[in-house]
Amino acid sequence: MADERNFRSTYYEKVGCRGVEERKSLEILLKEKPLNLTKLTQFCIRFTVPKIHRTVLWNSLLGVTPVYDKSREYVMEQRVAVYNDLLKALKTMRIVDENTPTCRVLYAMWLLEKKQLYLGRDITQESHFCNITKVLLEIFDNDIETYWMAKSLYDYSEEVSLEMGKLSDLTYTILEKEDNGLYIHLKSCDMLTALPLSDWYRSFFAGVLSEPALIRIWDKICGGAIKIVVFVMIEILRMLRRRVLRCVDQKSLFECIDSIKNEQETADVIVNGAIELWQQNKGHEYIPQSKVKTLS
């Protein structure tokens, strides 16, 4: 195995490596036939994905496109056909029209495909699927690919739901360790357990942080590092420490956190800190290969 190590492997071992070398390393990986999802996953875990390659990489890791290039055209033709059939059905039933926001159209398509679009179902209601889709629509131009990526990311959201007990406990434990004063204040004011962690974690902080910063967290999530949501929460609270310490009830706390929604620089600092803290806590958590969304 040692003989197989070459120059690109060294890039994966240099935490903090940036720039041209990363992109060249990824380009080499993306030329492999078939694609090696393990190596691509490791890249996502270690580095920020270059914008120019994010569509291809996310599509591969989320199982939208297969690892074998000979199958990709056929698979995408099938995905396009399913998308068009669902859209046609919704228009025929007059559930959506040209004025329906795209995120709501995709939500209705997903409900229909899941056999959950019962009579009278309100597709305008808030949902984790819609929150995830809104972010994806800001990042990617292809609505068909976006639909399939949203479905896969929502599957990860369901995994988060199953682990919420452990993730909540981990959040409280790390906050107590990293900032005991902040922890005590939130706990004494009954605000700690009032944090809507389930909603924020299941939507991967969509609508909480601005998309340009959030996308770097989603790179890690696509690589299987779902636990990183805990460290994003910790960094949000630490970033807003002075303001949080002045909060004495849930309403003021939520308003404080909501205030950073459109603050790009603040979001960048939070994401940088979250990734660093996650790395320090050995948060490199991979999805088991049995769960990797592969297609042959």
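Residues numbered from 1 in each chain as written. Predicted model: local features only at pLDDT ≥ 70, side-chain atom pairs only at ≥ 80, totals over all residues. Heavy atoms only, no water.

1. Points about the overall build of the protein chain
A tally of helices and strands in the protein chain yields 16 helices and 0 strands. Of all 296 residues assigned to the protein chain, the portion counted as buried reaches 50%. Residue pairs at least 24 apart in sequence account for 69% of intrachain contacts in the protein chain once pairs closer than 6 positions are excluded. For the protein chain, the computed accessible surface area is about 15,100 Å², with 49% contributed by carbon and sulfur atoms. (Helix = DSSP H or I, 4+ residues; strand = E, 2+ residues; numbered from the N terminus. Buried < 20%, exposed > 50% of the residue type's maximum accessible area, 1.4 Å probe, protein only. Contact = heavy atoms within 4.5 Å. Areas by Shrake-Rupley, 256 points an atom, 1.4 Å probe, with all protein chains shown as cover.)

2. Comments concerning the nonpolar core
Membership of the largest hydrophobic core comes to 85 residues, with the highest contact counts inside it found for Tyr201, Phe205, Leu209, Trp218, Ile236 and Ile257. Sequence-distant contacts of leucine 209, that is, excluding residues within four places in its chain, are made with Leu214, Val232, Ile236, Ile260, Lys261, Ala267, Ile270 and Val271. Formed by 13 residues, the second largest nonpolar core is a distinct cluster that contains Leu26, Cys44, Phe47 and Val49. (Core = buried A, V, L, I, M, F, W, Y, C linked by side-chain atoms within 4.5 Å.)

3. Some points on unusual backbone geometry
Cis rather than trans, the peptide bond between lysine 33 and proline 34 has omega equal to -5 degrees. You can see proline 34 is positioned in the loop between helix 2 (20-30) and helix 3 (37-46). Even without a glycine there, the phi angle at arginine 94 is positive, about 60 degrees. Relative to the elements of secondary structure, arginine 94 occurs in the loop between helix 5 (69-92) and helix 6 (102-113). Even without being a glycine, phenylalanine 205 presents a positive backbone phi close to 65 degrees. Among the structural elements, phenylalanine 205 can be located in the loop between helix 11 (197-202) and helix 12 (211-222). Take phenylalanine 205: its relative accessible area is 0%, and that puts it in the buried class.

4. Some words on the pattern of salt bridges
Applying the stated rule across the entire model yields 13 salt bridges. In this structure, aspartate 219 and arginine 54 form a salt bridge, with 2.9 Å as the shortest nitrogen-oxygen distance. Residue aspartate 219 is found in helix 12, and its partner arginine 54 is found in helix 4 (residues 51-61); the two are separated by 165 residues along the sequence. In terms of burial, aspartate 219 and arginine 54 fall into one category: buried. (Salt bridge = Lys/Arg side-chain N within 4 Å of Asp/Glu carboxyl O.)

5. With respect to the environment of isoleucine 45
Note that isoleucine 45 resides in helix 3. Taking the relative accessible area as the measure of exposure, isoleucine 45 reaches 0% and is therefore buried. Isoleucine 45 sits 180 residues away from alanine 225 along the chain, and the two C-alpha atoms are 7.1 Å apart.

6. Notes on the confidence of the model for the protein chain
A residue-level look at the protein chain finds 89% of positions with pLDDT of 70 or above and a mean pLDDT of 88. Note that pLDDT drops below 50 for residues 1-17; the model gives that stretch 22 contacts with residues more than four away or on any other chain. pLDDT under 50 marks residues 286-292. Its contacts with residues more than four places away, or in other chains, come to 11 contacts. (pLDDT = per-residue confidence, 0-100.)

7. Examining helix 4
Every buried residue of helix 4 is accounted for by His53, Arg54, Leu57, Trp58, Asn59, Ser60 and Leu61. Those residues of helix 4 hidden inside the fold are in contact with helix 2, helix 3, helix 7 (128-139), helix 8 (143-162) and helix 12. Looking one or two places after helix 4, you find glycine 63, whose phi comes out positive at around 80 degrees.

8. Side note on helix 9 (residues 164-178)
With 15 residues, helix 9 should cover 21 Å at 1.5 Å per step; its first-to-last C-alpha distance of 21 Å lies within 8% of that length. Elements that come into contact with the buried residues of helix 9 comprise helix 8, helix 10 (180-188), helix 11 and helix 13 (228-239). (Expected span 1.5 Å × (residues − 1).)

9. Observations concerning the packing of aromatic side chains
On inspection of all chains with the given rule, the structure shows 11 aromatic pairs. Plain terms: the ring middles of tyrosine 201 and phenylalanine 205 are 5.8 Å apart, the flat faces sit at 55 degrees to each other, and that makes the pair tilted. Across this residue pair, the class does not change: tyrosine 201 and phenylalanine 205 are buried. Through pairs of rings, three or more aromatic residues link up here, namely Tyr107, Trp110, Phe129 and Tyr154. When the ring centre of tryptophan 148 is taken as reference, the NZ or CZ atom of arginine 79 above it lies at 4.3 Å. (Phe/Tyr/Trp six-rings, centres within 6.5 Å; stacked < 30°, edge-to-face > 60°. Lys NZ or Arg CZ within 6 Å of the ring centre and 35° of its normal.)

10. Some points on the side chain of serine 157
Inspection of the secondary structure puts serine 157 in helix 8. The class of serine 157 is buried, set by a relative accessible area of 0%. Dropping the residues within four chain positions of it, serine 157 is found in contact with His128, Ile132, Arg202 and Phe204.

11. Comments concerning the state of the cysteines
Tallying each qualifying case throughout the model produces 0 disulfides. As a non-bridged cysteine, cysteine 103 has cysteine 130 as the owner of its nearest cysteine sulfur, 5.1 Å distant. Note on cysteine 130: relative accessible area 0%, which makes it buried. (Disulfide = S-S within 2.5 Å.)

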